[in-house]
Amino acid sequence: MNGLLLASTEQGVSGAITGLFATMLVGLILCLALEEKLHAKKSVIAGIFTIMCLLLGAICGILPFDHVVVGSHEMTPANDVQGYYVVDTDAEHDHHDVVIDGTDDKELAGEDLELHVGGHRLEMPIYIPGINWGVIAIILGSSLFVDVTSKSGLFTWVAIKVTKKSGGDPRKLLFAYGIMTVVFSAVLNNVTAMIIVGSLTAVSLEKLDRKDKLLGFLLIEGLLTNVGGLLTLISSVPNIIVGTTAGIGFVTFFITSSPYVVVSTWLTLWMGARLFGVKKLATQDEQDRAAQLVASFDENDGIESWGFFWFGTAMLVLFIICIATASVLPGDIKHLGMGFIALAFAGLMLIRYKSEVDNFYRSVDWDLLGFFMALFVVIYVMEHALVLATIGGILETVLVDITRETAHVRDTIVLLIGSAGFSSVTDNIPLAAMLASILSDLGAPTASGSGTESGLWWAVIFGANLGGNLTPIGSASTLVAVTIIHKHNLHMSFVAFVKSAIPFAIAQIGLAMVYVLLFLR
Amino acid sequence: MTNIDQFVSAFKAADKPQFSPETVKLDSVAVVTDLASPDADRFHDDVRRFLGASSAPQIRIILGERFRDVDELLREIDKTPTDLICTHRNLHTQAPEHPYSLGAYVDVLTQVSTIPVLLLPNPHTTHDSDFAANNRDAVMAITGQLTGDHHLVSFAAKMTAPTGRLYLTHIEDEMTYERYVETISRIPAIDTDVARTEILQALLKLPHDYIRSCRNVLHDTYASLSIEEIVTMGHHLADYKRLITEHNIDLLVLNTKDEDQLAMHGLAYPLVIELRSTPLLLL
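The shown structure was predicted, so the numbers you read here are calculated from the model rather than taken from an experiment.

Rules used throughout
Residues numbered from 1 in each chain as written. Chains lettered and ligands numbered in written order. Predicted model: local features only at pLDDT ≥ 70, side-chain atom pairs only at ≥ 80, totals over all residues. Heavy atoms only, no water. Helix = DSSP H or I, 4+ residues; strand = E, 2+ residues; numbered from the N terminus. Rg over C-alpha atoms; globule rule 2.2 N^0.38 Å. Buried < 20%, exposed > 50% of the residue type's maximum accessible area, 1.4 Å probe, protein only. Contact = heavy atoms within 4.5 Å. Areas by Shrake-Rupley, 256 points an atom, 1.4 Å probe, with all protein chains shown as cover. Lys, Arg positive; Asp, Glu negative; His and termini not counted. Charge placed at Lys NZ, Arg CZ, Asp CG, Glu CD. Phe/Tyr/Trp six-rings, centres within 6.5 Å; stacked < 30°, edge-to-face > 60°. Lys NZ or Arg CZ within 6 Å of the ring centre and 35° of its normal. Buried area = accessible area lost by both parts, 1.4 Å probe. Salt bridge = Lys/Arg side-chain N within 4 Å of Asp/Glu carboxyl O. Polar contact = N/O pair within 3.5 Å; in protein donor to acceptor, adjacent residues only side chain to side chain. Nonpolar A, V, L, I, M, F, W, Y, C, P; charged D, E, K, R; others polar.

A. How the structure looks around the overall build of chain B. The number of helices and strands found in chain B is nine helices and nine strands. Radius of gyration (C-alpha) of chain B: 21 Å, near the 19 Å computed for a compact globule of 283 residues. Along the longest, intermediate and shortest principal axes, the C-alpha atoms of chain B span 70 × 40 × 35 Å. For chain B, buried positions account for 49% of its 283 residues. Taking all contacts inside chain B whose residues are at least 6 apart in sequence as the whole, residues at least 24 apart take part in 78%. Counting every atom, chain B has about 13,600 Å² of accessible surface; 50% of that belongs to carbon and sulfur. Averaged over its 25 positive side-chain charges, chain B has a centre that lies 3 Å from the centre of its 41 negative ones.

B. Representation of the packing of aromatic side chains within the structure. All names here are of chain A. Inspection of the entire model under this criterion finds 22 aromatic pairs over all chains. Ring centres of F145 and F345 lie 5.8 Å apart, and the angle between their planes is 90°; this geometry places the pair in the edge-to-face category. Note that F145 is positioned in helix 5 (residues 133-150) and F345 in helix 14 (residues 337-350), a separation of 200 residues in sequence. Of the two residues, F145 and F345, neither departs from the other in class, the shared state being buried. Judged by centre distance (5.0 Å) and plane angle (85°), the ring pair of Y260 and F462 falls under edge-to-face. In this pair, Y260 is assigned in helix 11 (residues 250-275) and F462 in helix 21 (residues 455-466), connecting sequence segments 202 residues apart. Taken individually, Y260 and F462 each receive the classification buried, so the pair is uniform in this respect. One aromatic cluster is present, formed by F253, Y260, W458, F462, Y515 and F519 through successive ring pairs. Looking at R352, its charged tip hangs above the ring of F308, at a distance of 4.4 Å from the centre.

C. Quick look at the interface of chain A and chain B. Tallying the contact residues gives 20 residues for chain A and 17 residues for chain B. Taking both sides of the interface into account, the surface hidden between chain A and chain B amounts to around 1,800 Å²; carbon and sulfur atoms contribute 67%. For the pair chain A and chain B, the interface holds four salt bridges. Notably, a salt bridge pairs D298 of chain A with K16 of chain B, separated by 2.5 Å at the nearest N-O pair. Joining chain A to chain B, the criterion identifies seven residue pairs in polar contact (both at pLDDT 80 or more). Mapped by element, the contributors of at least two residues to the side of chain A that touches chain B are helix 5, helix 6 (154-165), helix 8 (190-207) and helix 22 (476-487) of chain A. Tallying contributions element by element places helix 8 of chain A first for the side of chain A that touches chain B, with six residues. The residue inventory of the side of chain A that touches chain B, partitioned by class, reads nine nonpolar, six polar and five charged.

Interpretation note: all reported values are geometric properties and have no functional meaning in isolation.
Put into structure tokens, the structure is as follows:
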């Protein structure tokens, strides 16, 4: 998108300017890591940095205040075009607008420019083209869709059914809730999955008089959200950002990641049961009593209408099918993308509540959406300030060869461990966005380009997701787990979390490394 | 539904207390009265007739001459294991002088003894003594918090005639509710209309669910018993008085013990004082 624009603006960026913006990027990352201490929401932190970046970018003259070309069907290297060029020089911004007029005069022959053919030039605020609207649409649409679908009582119905099936046995309950966490994380999103399963865990363990096991349960579920978040392309934001940049389809993503998710889930639950002493009920009396206690849960309680329940179920299945087949939908429909599918399904579900949709709009996580939009703008400015190019340059010196079809072992390990380490102390979304841009710019093979994506993309995906399990601030879902722990007056400090989580995180990251090196390079 | 509290609420709402029946023993009954013979014998017979099939063969009488204070009465009762005490108000007191009191004996019995007390209309006032003609066809269980009160419901079911009607009731105090809604209306962060509707629904749903569970479980033991549900918002005393008249209630079953205080349960006391012609089983 920015080929022409970047070519015309980057030339005048000095090292001092790049250094200044790099410092701002570090500042943003630090502030996000200290979000809790600052008592500021992510959107506010990122928003302030966006304002500063745009202001400084404009003062330094690094931003391309051009008309944006839309409606262009192709980008053609200038040398390939046979025709007459009208060069429109913009003195203020030192760049060229080029129009093809059908003659054979090659005024620009030899220049390494790409031309948009058949497009329209529109005036647009500088912060608009920087935002990845596809990602925003997926997040907004799917969160609205999940929110309305949850009103059908479907998720609580499944959760209570699972609880009753376990018969109240703590060990069975741990495995049942663990698997449910993974499935919900995959189908919904990590935070919603943690909220649903964590809430039910607290209520059911209280009912079973097993509150002593609550901390262990919640911790394991928190860790499993990040494992489940690896299952599909839309399960977590890093998957969406990195996966779409690498051109990985929904089905490919699922088939590739599911063996790891199955093994890692089992390993986490096995370790959890042993480390937190979650055992089977020993006597028949204990089993009968537990079964009687969980039998008092009524899975039908939250279902206002069976018609809407089945409609919600059918729509959820259809939603997953449509998202899975988004890239192979007929004709130009596939170009509408997953964001359109998510928004369309949200719109259809909202018809049921057409007179009270404002309630659902209120429940949208605007902080998260604001954060993403601000973050994309910051990354956009960083691109123009050559910060990403500089980081890419540093990466190139550390890595052996990014462009290889089969990723180098050292490159894979460095990216996976690096992503995990970075994700453990701050938000994994800026990391994913930044690394996706850098890998793309440095020519890492993508599925859409060379047919098979490089293992480096997977190293970033696994690292960014699993790194969140190292600390309580590493991911939003582990933060939700800690919030529920604190809500129940259980003590869990930062250090205590790290001590408890580190054996699991090491096992999961170690397993991921073996998996990526053996099967995904 | 994307925050923790919303899902916790949904799961808590789905957790419905199930009725767990308790075994009620009525093997040994003590009739306590200050009447002299032959009135005492007639009262004794009236009690036997009223208890009918649910009474045990062992019904003994403790006459007024055998106790002069509460301690003596308690000692008399404790001589034999007792499942139920049947008595009337104003023992050793002139009833007409204290029409709105229970008398020291009944007051203390309900506080210190764990044995249920069946408080019958005072035989000293002749117009109240026809209770024995009633056959416990209509029994009403009332409490401030019906949900989870297995003991109360079990007793009420046991005391109802096999083919009778058992009314399980719950009246939520309207004045308290209105006071809270009025307070909520002064808090900008809470939508008053939503709060009014949702709180009312939640308050009434809990006893409704519990009564449904009671009905399912009791049906196994008391197949011919008709279990009626009355769950509404209103004024405790006025509405219970109205319901008792409307449904020709033969026996009212209610809790009098309060874990937080020695005095009788706040809901029970005004009912016990005012409902002088209805037999009351005080648990």
